[in-house]
Amino acid sequence: MAGIVSRLPFPFSGRTSAASASYALDGVQYAYAIGGMPWLSAISDDRAMTRAGAQMRKDQLDNAKEPGEQSLSNWWLRSQATFIGGEGLLYQDPDPVAQSNLQNRHAIQYGHSVGLNPWVNGKLTLLRRTTQRIADASANRHFLIGYNDGTDRYWSAVGSVLKSDDGTTATTVTWGGANTIRALASDGTAYYAADNVSVYKGVGTGVGAVWTATGTTNVCMGWAKGRIMIGLDNKIYECDTAGTKTLRFTHLNSAWTWTAIAEGTNAIYAAGYAGSQGAIYKFVLDSTGAVPTLASGGIQTAQLPLGEVVYSLTTYLGTFVGLGTSRGFRVGEIDGNGDIAYGPLLISNASGVKCVAAYDRFFFAAATNGIDGKSGLYRVDLGQPVQDSSSAAGGRFAYATDLQAGVTGEVCAATNFGNSDRMVFAVVGQGAYLEHATDKEATGYLTTGRVRYSTLEPKIFKFVSVKTPNILMGSVGVSVIDPGGAETSILTVSQGAGATITDVSLASPTTAVEWIQLKLTIGRSSTDTTQGGEVNGWQLKAMPGSTRQRVFTIPLLCFDREKTISGQMVGTEGRSLARLQAFEQIFARGDAVTFQDLRSDQSYLVVIDDYRYEQRAQPGTNSSNYGGILWVELRTINDVVTA
C-alpha cells in the first residue's frame, strides 16, 4: 500500500472543496479563514491590518468629439437646453451609435408634453388655446377647408349645414343641397359641397348650384392640379370646369372606397381601401401641352401593410406625404418618378388618423383622444429628423402633441385658417375649434425621458437646476417622478421671478433608484393671457448609488510552524509552501470566497483582488524553513446598508 509522501497543507477539519465554503474552529485558535482555509494573524506594529473603502470611479480619458457633461468630474450630470426633437424618448441617454444626428437625441428630445410649444430652439413655452366656433352634437362627420377672400376664413360642413367662419361670425351658407354633406373641396375661391345626389358649387358665402351628379353616399373629392377629382364608390372621375365627369379609373373590387385625393409634382394621388387592404394610386400628368392632362389611369404606387388602411392623405412641399391610417400617422416621400415610399409608423393612435393638414414646415395630424385622453392635433416637424436615413421615407421626424379641444371624440377634419398660421380642427359630436390669435393655454407640462446615465445601477439624485428668462411672465413648476410613478413637487417659480434656479435639493426619491423623470409645468400669466412661463433648460446632478464596497488588507502567517495567540504550536515541516500554493489556486480561480474573522465571528463574501508573499529568510533543503508573511487584499461584494 502506498504511503503518504507529503503532509497535508492544512487539516481536513472544517473545510470543504468549495472555495466559498466556511471554516469551523476545531482545537486551533486561528484568526481568519479565506475560502475555508484557516490562517493565523501576522498583525504587529510593523504590519497593520487595514479596512478602507473601494474606489468607486475609474480613471478615464474623455475622447468624445465634443466637450460636454462627460468631461466634468465629481457629479453625474444630465442637461437639456433645447426641446426641438419632440417627444417619444424613453431614456434620456446618449445613443451609442456612429450617426451624429442620433448621438444628440437625448439633448433635444423628451418623454411627453401637453399644451407646450417646443419648436423654438432653446425655448419651451405655452401653445395657444382654442375656442369652439361651431357646435354640433350629432354623429355626423365634419369637413373643413380654409380660404381667404381678403379675410381669413374657413368653411365648415357638418350634417346638411355649410357655414363660413371668420373667427368672429359664422355665416350659414345656402349651398344648394338639403341632404347630409359627404365631401367638401375648394379651388381657392369656390366651394364644392357634395351629397348623395349632386356636387354643388358656390363662391364664399354665396348660394350654390348643382355642378355635377354623384348618386352615392360614398363620395371623396379633392382639388388637384387645377381640377376637381371625384371618387364615387370604386370609381375615380376627372371633372372639367363645367362639371363634366370623365371616368379615369375603376377599381376591380366593387367594395373599394376612396378616402383621400392629393397632388404631387407630376401626378395626382388617390387613396382608398376595401376590407383590410389599403393602397395609394397615382394618375400621371402629361404636361407637354398648354394644360396638363391625365396621361394614365390609376397605377398603384404604394401598398399599406395588411390590416392598415389609409384614412387621409396630404402632400406637401412637392416631396413629403402625410399618411393618416387606421393605425396612426406615417411620413412618406415622393421620388422622381412620382412614386411614394413611406416610412415607419411615427405616431400610433388606436382610433386612427382621419385628417392631416400642413403649414410652414409642419404636418398637423388628428389626435383622437390622444392628448391625455382628450382630442386635438399632433404636430410633426419635417425639418427635424430624429433618425438617420438617406431619405425621408426611411426616417423619423420630431413630433409632439399640439392644439387641444379639451373634449373627447374623433378628430375628423383639420385645415389652415385662411392664410394665417392658425389651425382649425373638428371633433365629431362636439364641433369645430379655432386656434386663438394670441391667448395661451392656461397650463402645460413636459416630462423628460428617464434619466439613468446609461446604466441599471442605482443612483442618488441630489440636485436640480432650471433656467428661465430673467423676468418670468407666468409660472414654472418642477416635480420629480420616481420609478414607482409617485410625483413629488420640488419647486415653483412664480411670475416676476426668473433667471437660473441652481442646485435645488431633491426631496424625493429618498433612496437610490435606477432612474427618475422631471416634470416641468408651465403656467399662464395671471395678468396677461397672451403671456406665459418659459423654460430654457434643466440639469440634474446625481452620484453613484451602489452600496460602497470595502477593502481589507490583512497580513497572515504562512510558516511551517506557527504559534497561536495562546502559545499553541501548530504545523509541520514543509507545509507552508503547500498552503501557499493552495491559496494561489483559490486566487487563480477568481471566484468569490468567504472571508471569516474567526475572533469576532464575522463573515463576508469577498473577491481576492491581490496578494503578496514576503519571505525574508533563505529556505532550507527539502522545502524546510520555507515561510513568510502573506498579504491579502480582499474586496467585499455583498455589502448592504442596514440603517
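Residues numbered from 1 in each chain as written. Predicted model: local features only at pLDDT ≥ 70, side-chain atom pairs only at ≥ 80, totals over all residues. Heavy atoms only, no water.

**Some words on the overall build of the protein chain**
1) Next: Of regular secondary structure, the protein chain possesses three helices and 51 strands.
2) Next: Every one of the 643 residues in the protein chain was classed for burial, and the buried ones make up 50%.
3) Next: Within the protein chain, contacts between residues separated by at least 24 positions form 58% of all contacts whose residues are at least 6 apart in sequence.
4) Next: When the accessible surface of the protein chain is summed, it comes to about 28400 Å², and 48% of that surface belongs to carbon and sulfur atoms. (Helix = DSSP H or I, 4+ residues; strand = E, 2+ residues; numbered from the N terminus. Buried < 20%, exposed > 50% of the residue type's maximum accessible area, 1.4 Å probe, protein only. Contact = heavy atoms within 4.5 Å. Areas by Shrake-Rupley, 256 points an atom, 1.4 Å probe, with all protein chains shown as cover.)

**Looking at the sheet that holds strand 9 (residues 142-148)**
1) Next: The antiparallel open sheet is built from four strands, whose spatial order is 9-10-11-12. One side of each edge strand has no neighbouring strand; the edge strands of this open sheet are strand 9 and strand 12 (170-173). The sheet shows a mean angle of 25° between the axes of neighbouring strands, taken without regard to direction.
2) Next: Of the pairings in the sheet, the one linking strand 9 to strand 10 (residues 152-158) comprises seven bridges and is antiparallel in character. Paired with N148 across the strands is D152, a residue of strand 10. (Pairing = 2+ DSSP bridges. Axes fitted to C-alpha atoms, helices over the stretch in contact; angles between N-to-C directions.)

**A look at the packing of aromatic side chains**
1) Next: Per the stated rule, a full pass over the model turns up 30 aromatic pairs.
2) Next: Among the aromatic side chains, those forming a connected cluster through ring pairs are F249, W256, W258, Y281 and F283.
3) Next: Between the NZ or CZ atom of K354 and the centre of the ring of Y311, over which it lies, the distance is 4.7 Å. (Phe/Tyr/Trp six-rings, centres within 6.5 Å; stacked < 30°, edge-to-face > 60°. Lys NZ or Arg CZ within 6 Å of the ring centre and 35° of its normal.)

**Thoughts on the sheet that holds strand 34 (residues 397-404)**
1) Next: With antiparallel pairing, the four strands of this open sheet are ordered in space as 31-32-33-34. The open sheet has two edge strands, strand 31 (356-359) and strand 34, and neither has a second partner. Across the sheet, the axes of successive neighbouring strands diverge by a mean angle of 35°, strand direction being ignored.
2) Next: Taken together, the six bridges between strand 33 (residues 374-385) and strand 34 define a ladder with antiparallel strand orientation. Note that in strand 34 the partner of Y378 across the bridge is T401.

**Things to note about the side chain of D597**
1) Next: Counting through the fold element by element, D597 comes out in strand 49 (residues 593-597).
2) Next: Despite its burial, D597 pairs with no opposite charge, the nearest such side chain being R51 at 5.6 Å.
3) Next: Polar side-chain contacts of D597 include one of 3.3 Å to the side chain of S600.
4) Next: Not counting the four nearest positions on each side in its chain, D597 is found in contact with A31, Y32 and Q602. (Lys, Arg positive; Asp, Glu negative; His and termini not counted. Salt bridge = Lys/Arg side-chain N within 4 Å of Asp/Glu carboxyl O. Polar contact = N/O pair within 3.5 Å; in protein donor to acceptor, adjacent residues only side chain to side chain.)

**Let's talk about the environment of V607**
1) Next: Its location among the elements puts V607 in strand 50 (residues 602-614).
2) Next: When neighbours within four sequence positions are excluded, V607 is seen to be in contact with A592, E633, L634, R635 and I637.

**Concerning the pattern of salt bridges**
1) Next: For the structure shown, the criterion picks out 22 salt bridges.
2) Next: Residue E410 is joined to K354 by a salt bridge in which the shortest nitrogen-to-oxygen separation is 2.9 Å. With E410 in the loop between strand 34 and strand 35 (411-416) and K354 in the loop between strand 30 (347-348) and strand 31, this residue pair connects regions lying 56 residues apart in the sequence.
3) Next: R612 is paired through a salt bridge with E614; the nearest N and O atoms lie 3.0 Å apart.
4) Next: Residue R612 is classed as partly exposed on the basis of its relative accessible area, which comes to 43%.
5) Next: Each member of the salt-bridge network shares a partner with another, and the members are R78, D93 and R452.

**Structural notes on the confidence of the model for the protein chain**
1) Next: Overall, the prediction assigns the protein chain a mean pLDDT of 89, with 89% of residues at 70 or greater.
2) Next: Long-range and interchain partners of residues 1-17, a stretch whose pLDDT sits below 50, account for 22 contacts in this model, where long-range means more than four residues apart. (pLDDT = per-residue confidence, 0-100.)

**Some thoughts on the pairing of strand 28 (residues 328-334)**
The side chains of a regular strand alternate between both faces of the sheet.
1) Next: Of all seven residues in strand 28, six are buried, a share of seventy percent or more.
2) Next: Sheet analysis places strand 27 (residues 320-325) next to strand 28, joined by five bridges and oriented antiparallel. Residue pairing in the sheet places F320 in a bridge with E333 of strand 28.
3) Next: In textbook terms, the turn of a hairpin is the stretch between consecutive antiparallel strands, and for strand 27 and strand 28 this stretch comprises two residues.
4) Next: Of the pairings in the sheet, the one linking strand 28 to strand 30 comprises two bridges and is antiparallel in character. Bridge pairing in strand 30 links F329 to I347.
5) Next: Bridging between strand 28 and strand 29 (residues 340-342) involves three bridges; their strand directions are antiparallel. If you follow I334 over to strand 29, its bridge partner there is I340.

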